[in-house]
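Analysis of the macromolecular model
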Amino acid sequence: MLELRRLRLLHELSLRGTIAEVARALGYSSSTVSQQLGLLEREAGASLLEPDGRRVRLTAEGVRLARHAARVLELDEAARAELRDSGAGESRVRIAVMPTAAQSLVPAALGLLADRGPAVRLEYREMPPEDALFELAARTFDLVVAEQYPGHTRELRAGIDRTSLGTDPIRLALPAEDPAHRLADLAERAWIFEPSGTAVRNWAVQQCRAAGFEPDVRYEATDLTAHIRLVASGHAVAMLPDLVWAQDGGAVRLVDLPGRPEREIFAAARTASRKSPAIAAVLAALKDALAARQQR
């Protein structure tokens, strides 16, 4: 019989690529992971790993068993969720959220959950969507709140369902006394963007190019509070989503972008746990929190 915990290690290896990364993610030593995978090979009666330089890679048999492992883990999760949700105790839901959602949506959602029931213990970690969606597939989280910008769809993964929570307008953020009224007026200004390689950075650069200029990106920061402060102090301009304004923008002036673009805010969950009452309650609270914020 194949042992479930060892099947999960094989599944993790198929996702993360190295034994060291599997060990780091699950809190094991690399030697323990290697030993358990060796035992799984004995149980399976087949060679699952082969050397690849200083690392290992899955053999053809290993790839096939990893696919079966993913399905077995889905069934295990669905069974556990059904048993858990049929009881009267508190259900735990682990979510990963992008920074703007952590600031603007999670506090309101927690209040709604406390008022509505069922009893949910919500645990969250702030994380960029690129990382959070991967960890969702690896079962580190039950739910992810992420975004996608117009024309930039996030990678679709088998076994992951998405629910749209709503949209969030994106606007130019300028110093209060800045006379600009159009994106094209900002060709000579210093910009602050999120780091290269992120979806929002790619999208923002395309907006500038469509307006006829290459942006002078002098500053990079993942923390959008840093964007606000740099704009407010008169040292840069930025493109920011409305969710970032957890409080009054103060010295920042907002100007509509061409076409008034909006990013989509969505939640992703594994198909196996999507129908869980606890996860459904969290989804509803997040969606209602976003709707209430936009009605202000």
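To be clear, the structure that these remarks concern was listed above.
The written sequence of each chain sets the order in which its residues are numbered from 1. The predicted origin of the model limits local features to residues at a pLDDT of at least 70 and limits the giving and counting of side-chain atom pairs to 80 or more, whereas totals for whole chains, interfaces and linings rest on all residues. The side-chain numbers reported here are obtained from all heavy atoms of the structure, hydrogens and water having been left aside.

1. Here we look at the overall build of the protein chain
Here is the rule we go by: To qualify as a helix, a DSSP run of H or I must reach at least 4 residues; to qualify as a strand, a run of E must reach at least 2; elements of each kind are numbered from the N terminus. For every residue, the accessible area obtained with a 1.4 Å probe (protein chains only) is divided by the maximum for its type, and the residue is called buried under 20%, exposed over 50%, and partly exposed between those limits. Two residues form a contact once any of their heavy atoms are found within 4.5 Å. With residues, only the protein chains shown are counted as cover, and all accessible areas are computed by Shrake-Rupley using a 1.4 Å probe. In this count, Lys and Arg are taken as positive residues and Asp and Glu as negative ones, while His and the chain termini are left out. The atom standing in for a charge is NZ when the residue is Lys, CZ when it is Arg, CG when it is Asp and CD when it is Glu.
The helix and strand tally for the protein chain stands at 10 helices and 11 strands. Across its three principal directions, the C-alpha atoms of the protein chain cover 70 × 50 × 30 Å. Relative to its 296 residues, the protein chain shows a buried fraction of 44%. Of the contacts formed within the protein chain by residues at least 6 apart in sequence, a portion of 74% connects residues at least 24 apart. Accessible surface, the protein chain as shown: approximately 15,200 Å² in total, 49% of it carbon and sulfur. Measuring between centres, the 39 positive side-chain charges of the protein chain sit 3 Å from its 40 negative side-chain charges.

2. Describing the environment of Q294
Relative to the elements of secondary structure, Q294 occurs in helix α10 (residues 277-294). Residues Q294 and T167 lie 127 residues apart in sequence; the distance between their C-alpha atoms is 9.2 Å. Leaving out residues up to four positions away in the same chain, Q294 has contacts with T167 and D168.

3. Focus on the pattern of salt bridges
A side chain of one charge can pair with a side chain of the opposite charge when the charged atoms of the two come close. Here is the rule: The salt bridge criterion pairs a side-chain nitrogen of Lys or Arg with a carboxyl oxygen of Asp or Glu, the two atoms within 4 Å.
In this structure the tally under the stated criterion is 24 salt bridges. For the salt bridge of R171 with D242, the shortest nitrogen-to-oxygen distance reads 3.1 Å. Placement of the pair is R171 in strand β6 (residues 160-175) and D242 in the loop between β9 (238-241) and β10 (252-256), with a sequence separation of 71 residues. With a relative accessible area of 24%, R171 lands in the partly exposed category. Between D256 and R260 there is a salt bridge whose closest N-O contact spans 3.1 Å.

4. Things to note about the nonpolar core
The cut-off we apply is this: To define a nonpolar core, start from buried Ala, Val, Leu, Ile, Met, Phe, Trp, Tyr and Cys residues and group those joined through side-chain atoms within 4.5 Å.
Within the largest apolar cluster, 28 residues are counted, with the highest numbers of intra-cluster contacts made by V93, L143, L165, V282 and L286. Secondary structure elements with two or more residues in this core: β3 (91-97), α5 (99-104), α6 (106-116), β4 (120-126), β5 (143-148), β11 (262-270) and α10. For this core, the element with the most residues is α10, which contributes 9 residues. Leaving out residues up to four positions away in the same chain, L143 has contacts with R94, I95, A96, L136, A267, A268, A269, I279, V282, L283 and L286.

5. Comments concerning the side chain of R201
What counts, and what does not: Here a polar contact is recorded for every N or O atom pair within 3.5 Å, except that within protein the pair must consist of a potential hydrogen donor and a potential acceptor, and residues adjacent in sequence are included only if both atoms are side-chain atoms.
In this fold, R201 is placed in helix α8 (residues 199-210). Polar side-chain contacts of R201 include one of 2.8 Å to the backbone oxygen of E194. Dropping the residues within four chain positions of it, R201 is found in contact with F193, E194, P195, S196, V217 and E220.

6. What to know about unusual backbone geometry
The phi angle at R139 is positive, at roughly 70°, despite the residue not being glycine. Structurally, R139 can be placed in the loop between α7 (129-137) and β5. The backbone of R260 sits at a positive phi, close to 45°, despite the residue not being glycine. As for its placement among the helices and strands, R260 is situated in the loop between β10 and β11. The exposure class assigned to R260 is exposed, which follows from its relative accessible area of 62%.

Function cannot be inferred from these measures alone, as they are strictly geometric.
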